[in-house]
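A closer look at the structure
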Amino acid sequence: MGLLRILIVEDSTPKLESIARVLLAVPGVELSDIQEARDSTSAKRLLKEQRFDLLLLDILLPSRMDREPKIESSMELLREVTEREGYIRPHHIIGITEFDESFATVRGKFVEHLWALIRYDRTAEEWQHQLHNKIRYIIEYKRAARFTDGKSYDCDLAILTALDTVELSAVRALPAKWEQIEVPHDATTYMKGQFVENDRRLSVIAASAPRMGMAAAAVLTSKVIYSFRPRYVCMVGILAGIPNQANFGDILIPDPSWDWGSGKIEIANGVERFLPAPHQIALNVELREKLKRYSRDETIFARIKMDWNGKKPDTSLRLKIGPVASGAAVLSATDTVAGIRDQQNRKMIGLEMEAYGVMSAGEYASEPRPKIFCAKSVCDFADETKSDDYQAYAAHTSAQFLYRFALDELVPL
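Let me begin by describing the structure that accompanies this report.

**Observations concerning the overall build of the protein**
- Scanning the protein for helices and strands turns up 12 helices and 16 strands.
- Each principal axis of the C-alpha atoms in the protein carries an extent, and together these give about 90 × 50 × 35 Å.
- Buried positions account for 53% of the 413 residues belonging to the protein.
- Relative to all contacts within the protein whose residues are 6 or more apart in sequence, the contacts with residues 24 or more apart total 73%.
- Working note: accessible area of the protein is about 19800 Å², and carbon and sulfur atoms make up 48% of it.
- Across the protein, the 54 positively charged side chains and the 59 negatively charged ones have centroids separated by 3 Å.

In structure tokens form, the structure reads like this:
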């Protein structure tokens with residue numbers, strides 16, 4: 001995933017290849033972020049379906065592949081995209097032509113709308129320098145301003161983990177061709193990659209928080225939303241399950257999520273007591289329905305379990321949606337867990353330390369807000385027998401579930 005999503009509308013293959021070479025020479029531009037259309041009709045369809053940072057448009061263009069190239073086809077495309085509803089307007093437009101007459105004809109219109117216009121010459125390099133410099137400017141502006149129009153997403157999915165331990169290792173093991181990237185003035189290390197299967201392709205960002213807990217998770221979530229504008233955000237990893245509600249390795253989806261430590265401590269008749277007053281955050285309705293439907297496919301979960309070569313339980317792997325509480329402390333006390341369940345939600349299926357922070361950050365994020373969920377797997381039961389035996393297995397089931405669910409159910413840009 002590069003920094004720009006680009007649509008080139010060009011009917012000449014040699015010219016298209018020349019333009020692509022110039023674009024790919026600019027740091028931050030990747031081949032996977034460039035799409036092409038050979039006529040104005042195809043371009044219109046793409047501009048209704050997808051958001052592009054840059055439209056690079058040939059001035060002499062056929063309306064269809066079997067028609068002659070005309071200026072009118074290109075100008076009609078520009079008028080529709082900029083004036084009519086139903087199109088996702090690109091942030092930048094660059095016109096390009098190798099004919100002096102075409103250049104002169106449209107120059108006034110491009111100047112009027114502050115669009116760039118480049119004179120292409122296959123025998124010279126000046127046009128290459130102009131295009132290269134323009135693309136660099138757009139990228140630097142986007143980096144500096146963290147540009148958002150309040151509507152457009154820049155990547156499909158952001159994956160978060162609480163720590164760079166077994167949880168992030170399980171994410172790194174996913175087949176995404178991960179590359180490390182940096183955000184200016186941000187000490188966090190991010191990975192970018194792609195989930196690809198057949199004709200489906202999702203751009204993905206992954207990162208871990210510097211420490212456990214809701215505060216660190218909320219900060220990381222906010223930074224990821226601000227810097228990458230993902231359509232979906234999911235925290236994966238490990239958590240504690242509630243006995244008789246979940247088994248080792250089961251994937252738990254918090255709905256709702258809350259901070260079990262939120263409330264008031266008072267003294268009544270000389271006795272100190274805690275009065276919980278949690279704010280609960282519900283799972284996005286659309287995601288809940290997708291997850292409920294997905295949970296019924298036993299084959300998928302059997303395959304995830306079978307692919308693990310280490311220690312695993314005898315029970316079948318399942319996905320469960322239900323109340324999961326977040327707290328500031330690691331628990332290994334049966335009575336404390338029972339008290340949280342009995343006082344706050346008797347249907348509670350799990351306990352962990354980050355989900356409420358992640359979902360809070362998403363709930364109050366600036367537009368466009370991502371759809372946020374957590375998918376953590378059971379590694380213990382927060383009791384006196386707590387151990388690390390199933391941590392690696394739980395991290396595996398969590399990450400592998402998200403990989404399959406993302407490719408099967410999430411809608412890419």
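**Some words on the pairing of strand E16 (residues 371-380)**
- Of all 10 residues that make up E16, nine are buried, and the element is covered over most of its length.
- Judged from the nine bridges that link them, strand E10 (residues 230-241) and E16 form a sheet pairing that is parallel. The residue bridging Leu239 from the neighbouring strand is Val378, located in E16.
- Of the strand pairs in this sheet, strand E11 (residues 251-259) and E16 are connected by two bridges, and their pairing is antiparallel. Paired with Ile251 across the strands is Ser377, a residue of E16.

**Side note on helix H11 (residues 355-363)**
- Burial analysis of H11 places eight of its nine residues in the buried class, which makes it a mostly covered element.
- Every buried residue belonging to H11 is among Ala355, Tyr356, Gly357, Val358, Met359, Ser360, Ala361 and Gly362, and all of these are buried.

**Describing helix H3 (residues 71-83)**
- Taking 1.5 Å per residue as the helical rise, H3 with its 13 residues ought to reach 18 Å, and the 18 Å between its terminal C-alpha atoms agrees with that figure.
- Where H3 is concerned, the buried positions are Ile71, Ser73, Ser74, Met75, Leu77, Leu78, Glu80 and Val81.
- Next to the buried residues of H3 lie helix H2 (40-49), strand E3 (54-58), strand E4 (92-97) and helix H4 (100-112).

**Re the sheet that holds strand E1 (residues 6-9)**
- Pairing is parallel in the open sheet, where five strands are placed in the order E2-E1-E3-E4-E5. At either end of the open sheet lies a strand with only one pairing partner, and these are strand E2 (34-37) and strand E5 (116-119). Across this sheet, the average inter-strand angle for adjacent strands is 20°, counted without regard to direction.
- Set on the sheet, H3 makes contact with E3 and E4; between it and E3 the angle comes to about 155°.
- Together, E4 and E5 form the strand contacts of H4, whose direction differs from that of E5 by roughly 170°.

**Brief notes about the side chain of Ser18**
- For Ser18, the location among the structural elements is in helix H1 (residues 13-24).
- Among the residues examined, Ser18 registers a relative accessible area of 15% and is labelled buried.
- Those residues in contact with Ser18, other than ones at most four positions away along the chain, are Tyr120 and Trp127.

**Considering the packing of H2 against H3**
- The N-to-C vectors of H2 and H3 enclose an angle of 15°; their axes lie 10 Å apart at closest approach. Taken together, the axes of H2 and H3 lie roughly parallel to each other. As for how H2 packs across H3, the hand of that crossing is right-handed. Of the residues in H3, those in contact with Ser40, Ala43, Lys44 and Leu47 of H2 are Ser73, Glu76, Leu77, Glu80 and Val81.
- Looking at the contact of H2 with H3 residue by residue, the class counts come to four nonpolar, two polar and three charged.

Criteria and thresholds
- Residues numbered from 1 in each chain as written.
- Predicted model: local features only at pLDDT ≥ 70, side-chain atom pairs only at ≥ 80, totals over all residues.
- Heavy atoms only, no water.
- Helix = DSSP H or I, 4+ residues; strand = E, 2+ residues; numbered from the N terminus.
- Buried < 20%, exposed > 50% of the residue type's maximum accessible area, 1.4 Å probe, protein only.
- Contact = heavy atoms within 4.5 Å.
- Areas by Shrake-Rupley, 256 points an atom, 1.4 Å probe, with all protein chains shown as cover.
- Lys, Arg positive; Asp, Glu negative; His and termini not counted.
- Charge placed at Lys NZ, Arg CZ, Asp CG, Glu CD.
- Pairing = 2+ DSSP bridges.
- Expected span 1.5 Å × (residues − 1).
- Axes fitted to C-alpha atoms, helices over the stretch in contact; angles between N-to-C directions.
- Parallel < 35°, antiparallel > 145°, perpendicular 65-115°, else oblique.
- Left-handed = near helix turned anticlockwise from the far one by under 90°.
- Nonpolar A, V, L, I, M, F, W, Y, C, P; charged D, E, K, R; others polar.

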